[in-house]
Amino acid sequence: MSRPRPIPGTTLFDGEQAIKGYALNKMCYSFNSAANREQFKQDEDAYCGRFGLNAQQREAIRRRNVLDLIAAGGNVYYLAKFAGILGLDVQDLGAQQTGMTKDAFKAKLVAAGR
Amino acid sequence: MARIVGAVTTSHIPAIGKAIARNLHEDPYWKPFFDGYPPVHRWLEKVRPDVAVIFYNDHGLNFFLDKMPTFAVGAAPEYRNADEGWGIPTLAPVPGDQRLSWHVIERLIGEEFDLTTCQEMLVDHAFTIPMALMWPGTGPWPVRAIPVCINTVQHPLPSAMRCYKLGQAVGRAIESYDEDLRVVVIGTGGLSHQLDGERAGFINKAFDIEFMERLPADPLWAARRSISELIELTGTQGIELLMWLAARGALGGEATTIHANYHIPISNTAAGLMVMERRAA
Ligand SMILES: [Fe+2]
């Protein structure tokens, strides 16, 4: 599979990522349903097992670590539904991925408008 | 014959839905964003569209990676949304226009756009938030809708030029329809933003401003760029400007800006809005 020139800090969700992340993304897609979100909350590890997540993916879910989830093949559109269960918004995710406080991350966004 | 009355392009950030529900239009954070919309409402009252053709991208509500269409056209009697996993409010179903949908589908496939056709289709915030922004309130929708979904989830994405040409073909399809209908084309998404990776929070005001300035008269300025170049310039989700290019393509011809607004930030995003009409010949 050929890949375009890499963009720093960016993982394009291509075929290679799609192969790697299928189970993880399928689980996150299931969170469209409130009943599934409830089942996940009741026993996270069993739920991960049902979808066949590998050890790397389970660990990234357990640690709620977005960069690790992406490295494990997660696609941001489906991961957003996992973040929803945790009550995290996109600024929480941005802060975590950039190693900033949420306030500092928000200030960075405001500064982009100047 | 059906006629395109104009194009509206707008951001579709999920947080807008919550702000509408909480009536935050005058809140200092939201005011510069919502103040962009009353001129659109007045314009819509003037042009009175019967149908809205909406170019949008699904964010993992209707389509999963098991079957991911590059281009999908709705042909359903009505379109419903769902909470998407984060408790997004559900709206009244938006009525479809199946006869026009199938006309568009036939024309597009006749022009060698190999589509996925959907007689059942959940529409996500990228469809519903622009609807709520265009036609606020709780009354019945004043338009029927035809959703056209463009894949931005699974790379490779269709090229910007292909999306622009899809839009052009949709425009030709509409204008070859035998009913006297007024049609507005809507492109939703963007502008620059990136949610994922160490580059999260990326915004490119200079590019967005130039993009909006050039879109009416010189859409190819953006459309001829590669997907990876556009992502570098606008962020991984900034690529949603593909919807703007498709809507601009559908409008066709020479266009002119009727109204525009741009505000940073809403959530992690540079929020953009344009109303364009075809320049009188
Ligand atoms: Fe989006």
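Please read all numbers here as calculations on a predicted model, not as lab measurements. (Residues numbered from 1 in each chain as written. Chains lettered and ligands numbered in written order. Predicted model: local features only at pLDDT ≥ 70, side-chain atom pairs only at ≥ 80, totals over all residues. Heavy atoms only, no water.)

1. Describing the overall build of chain A
The line we're drawing: Counting from the N terminus, the helices are DSSP H or I runs at least four residues long and the strands are E runs at least two residues long. Whether a residue is buried, partly exposed or exposed follows from its accessible area with a 1.4 Å probe, protein chains only, as a fraction of its type maximum: under 20%, in between, or over 50%, in that order. In this analysis, two residues are considered to be in contact whenever any of their non-hydrogen atoms come within 4.5 Å of each other. Accessible areas in this description were obtained via Shrake-Rupley with a 1.4 Å probe; residue shielding takes into account the shown protein chains only.
When helices and strands are counted, chain A shows eight helices and zero strands. Summarising its shape, the C-alpha atoms of chain A cover approximately 45 × 35 × 20 Å along the three principal directions. When burial is assessed residue by residue, chain A has 42% of its 114 residues classed as buried. Contacts in chain A between residues far apart in sequence, at least 24 positions, make up 48% of those at least 6 positions apart. Counting every atom, chain A has about 5600 Å² of accessible surface; 53% of that belongs to carbon and sulfur.

2. Observations concerning the coordination of the iron ion
The criterion, for reference: Note: metal donors comprise N, O and S atoms at 2.8 Å or less from the metal (3.2 Å for Na, K and Ca); water molecules are not included, so apparent gaps in a site are possible.
Only B:His12 (NE2), B:His59 (NE2) and B:Glu240 (OE) from the protein coordinate the iron ion, and they sit 2.0 to 2.1 Å from it. By relative accessible area, which is 7% here, B:His59 ends up buried.

3. So, the pairing of strand β7 (residues 144–150) of chain B
Residue and element names in this part refer to chain B. Basically, it comes down to this: Strands are treated as partners if at least two bridges between them are detected by DSSP.
Buried residues dominate β7, accounting for six of its seven residues. Examined bridge by bridge, strand β3 (residues 71–74) and β7 share three bridges and lie antiparallel to one another. Note on β7: the bridge partner recorded for Ala-72 is Cys-149.

4. With respect to the nonpolar core
Residue and element names in this part refer to chain B. The condition that has to hold: Here, nonpolar core refers to any group of buried Ala, Val, Leu, Ile, Met, Phe, Trp, Tyr and Cys residues whose side-chain atoms link them within 4.5 Å.
In this structure, Val-53, Phe-55, Leu-108, Leu-166 and Phe-211 are the most contacted members of the largest nonpolar core, which totals 64 residues. Looking at this core element by element, the count peaks at nine residues for helix α10 (residues 241–251). With residues near it in sequence (within four places) discarded, Leu-166 still touches Phe-55, Phe-71, Leu-108, Phe-113, Leu-115, Val-148 and Ile-150.

5. Topic: the packing of aromatic side chains
Ring pairs (aromatic) are described by centroid distance and by the angle formed between their planes. Definition in use: Pairing of aromatic rings covers Phe, Tyr and the six-membered ring of Trp, with a centre-to-centre limit of 6.5 Å; geometry is then stacked below 30 degrees between planes, edge-to-face above 60, and tilted otherwise. Here, a charge over a ring is recorded when the distance from Lys NZ or Arg CZ to the ring centre is within 6 Å and its angle to the ring normal is within 35 degrees.
For the coordinates displayed, the defined rule picks out 20 aromatic pairs over all chains. With a centroid separation of 5.2 Å and 25 degrees between ring planes, the pair formed by B:Phe207 and B:Trp221 is classed as stacked. Separated by 14 residues along the polypeptide, B:Phe207 in helix α7 (residues 205–214) and B:Trp221 in helix α8 (residues 220–223) bring together distant segments of the chain. Each member of the pair, B:Phe207 as well as B:Trp221, carries the same accessibility label: buried. By way of ring pairs, the aromatic residues A:Phe31, A:Phe40, A:Tyr47, A:Phe51 and A:Phe82 are connected into one cluster. Positioned over the ring face of B:Phe202 is B:Arg199, at 3.8 Å from the centre of the ring. Between B:Arg225 and the ring centre of B:Trp221, over which it is positioned, the NZ or CZ distance is 4.5 Å.

6. Overview of the environment of B:Leu157
Residue and element names in this part refer to chain B. Within the element layout of this structure, Leu-157 appears in the loop between β7 and α6 (160–175). When its relative accessible area of 10% is taken as the criterion, Leu-157 is described as buried. As for Leu-157 and Thr-70, which are separated by 87 residues in sequence, their C-alpha atoms are 7.2 Å apart. Not counting chain neighbours up to four residues away, the residues in contact with Leu-157 comprise Asn-151, Thr-152, Ile-227, Ile-239 and Leu-242.

7. Comments concerning the sheet that holds β7(B)
Residues and elements named next belong to chain B. The test is simple: Under this scheme, a helix contributes an axis fitted over its contacting stretch, all axes are lines through C-alpha atoms, and angles between N-to-C directions fall in the 0 to 180 degree range.
Sheet architecture is open: eight strands sit in the order β6-β3-β7-β2-β8-β1-β10-β9, paired in mixed fashion. Every interior strand has two partners, whereas the edge strands, β6 (116–118) and β9 (255–266), have only one. On average, adjacent strands in this sheet sit at an angle of 15 degrees to one another, irrespective of strand direction. Helix-sheet contacts for α6 involve β1 (3–10), β2 (51–56), β3, β7, β8 (182–188) and β10 (269–278), and the interaxial angle to β2 is about 165 degrees. Helix-sheet contacts for α7 involve β9 and β10, and the interaxial angle to β9 is about 165 degrees.

8. Quick word on helix α1 (residues 15–30) of chain A
All names here are of chain A. Keep this limit in mind: Helices are assigned an expected span. That span is 1.5 Å times one less than the residue count. Fitting axes to the seven residues ending at a residue and to the seven starting there, one defines the bend at that residue as the angle between these axes. N or O atoms closer than or at 3.5 Å make up a polar contact, with two conditions inside protein: a donor-capable atom paired with an acceptor-capable one, and, for residues adjacent in sequence, both atoms drawn from side chains.
Helix length check: α1, at 16 residues, gives a terminal C-alpha distance of 21 Å against a target of 22 Å (1.5 Å per residue), a fit within 8%. Within α1, the axis deviates most sharply at Gly-21, by approximately 70 degrees. Listed in full, the buried residues belonging to α1 are Gln-17, Ala-18, Gly-21, Ala-23, Leu-24, Asn-25, Met-27, Cys-28 and Ser-30. Tucked into the core, α1 has its buried residues touching α2 (34–42), α3 (44–50), α4 (55–63), α5 (66–71) and α6 (76–86). A distance of 3.3 Å separates the backbone nitrogen of Glu-16 from a side-chain oxygen at the start of α1, and that oxygen is part of Asp-14.

9. A word on the side chain of B:Asn261
All names here are of chain B. Relative to the helices and strands, Asn-261 is located in strand β9. A polar atom in the side chain of Asn-261 sits 3.1 Å from the backbone oxygen of Pro-32. Asn-261 has contacts with Pro-32, Phe-33, Gly-36, Met-212, Ala-271, Gly-272 and Leu-273, leaving out every residue within four places of it along the chain.

10. Description of the environment of A:Asp68
Residues and elements named next belong to chain A. Tracing the backbone through its elements, the reader meets Asp-68 in helix α5. Asp-68 sits 12 residues away from Gln-56 along the chain, and the two C-alpha atoms are 8.2 Å apart. Residues in contact with Asp-68, not counting those within four places in the same chain, are Ala-60 and Arg-63.

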